[in-house]
Amino acid sequence: MPRYLLIALAFYGLLTSCKPNQENEMRSRDWSFKTEATLQLINKHNDTIKSLQVELADTDYSVQLGMMYRDELTEDQGMLFVFNEAIPRYFYMKNTDVALDIIFITANKLVDSYSLNAQPKDETLLESKGAAQYVLEVKSGMVEKWGLKEGDRIAW
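What counts, and at which threshold
- Residues numbered from 1 in each chain as written.
- Predicted model: local features only at pLDDT ≥ 70, side-chain atom pairs only at ≥ 80, totals over all residues.
- Heavy atoms only, no water.
- Pairing = 2+ DSSP bridges.
- Helix = DSSP H or I, 4+ residues; strand = E, 2+ residues; numbered from the N terminus.
- Salt bridge = Lys/Arg side-chain N within 4 Å of Asp/Glu carboxyl O.
- Buried < 20%, exposed > 50% of the residue type's maximum accessible area, 1.4 Å probe, protein only.

### Considering the pairing of strand β1 (residues 37–42)
Then, number 1: Here β1 pairs with strand β2 (residues 48–57) via 6 bridges, running antiparallel. For T38, the partnering residue across the bridge sits in β2 and is Q53.
Then, number 2: Linking two consecutive strands that pair antiparallel, namely β1 and β2, is a turn of 5 residues; a positive phi of about 70° is found at N46 within it.
Then, number 3: Here 3 bridges tie β1 to strand β7 (residues 153–155), and the two strands are oriented antiparallel to one another. In the strand pairing of β7, I42 is matched with R153.

Right, dumping it as structure tokens:
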């Protein structure tokens, strides 16, 4: 079995093992958005498409938690997942209350692919086309609104 599939299955098992009391405790916490960096989306002509305030998911805990239990996300906010290596990535929307566009980004910070309008609570695995080292989650509808395309890049 491929290593990335084992990782995805382990991740799924970890998240689905949350007990009801843990879930209530998690929901009662303050999950206000915390800006940790500014990120630019840049098209192939080197024009800035959009600047975003991003919260980083760069620890095991923050990656596993992601956007779960959040009530809102504005058009100028996103969550950037930072991984140590570029491999095929799988995300899903368990315990996520807002619809998202999920952008998969290569090690060279180029947009590999994206999943549009990922729906709250949906446990369908959303997969990158290729190897991704970064993943950016933004409010649903933003990829189309901004005209973001595969091959565009990010900087922060």
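On we go.
### So, the pattern of salt bridges
Then, number 1: Tallying each qualifying case throughout the model produces 5 salt bridges.
Then, number 2: A salt bridge links D76 to K50; the nearest nitrogen and oxygen atoms lie 2.7 Å apart. A residue pair is termed long-range when its members are at least 10 positions apart, and D76 in the loop between α3 (60–65) and β3 (77–91) and K50 in strand β2 qualify at 26 residues.
Then, number 3: Among the residues examined, D76 registers a relative accessible area of 38% and is labelled partly exposed.
Then, number 4: Look at K50 and you get partly exposed, because its relative accessible area is 21%.
Then, number 5: Residue E55 pairs with R70 through a salt bridge whose shortest N-O separation is 2.9 Å. Taken together, the residues E55 in strand β2 and R70 in the loop between α3 and β3 connect sequence positions 15 residues apart.

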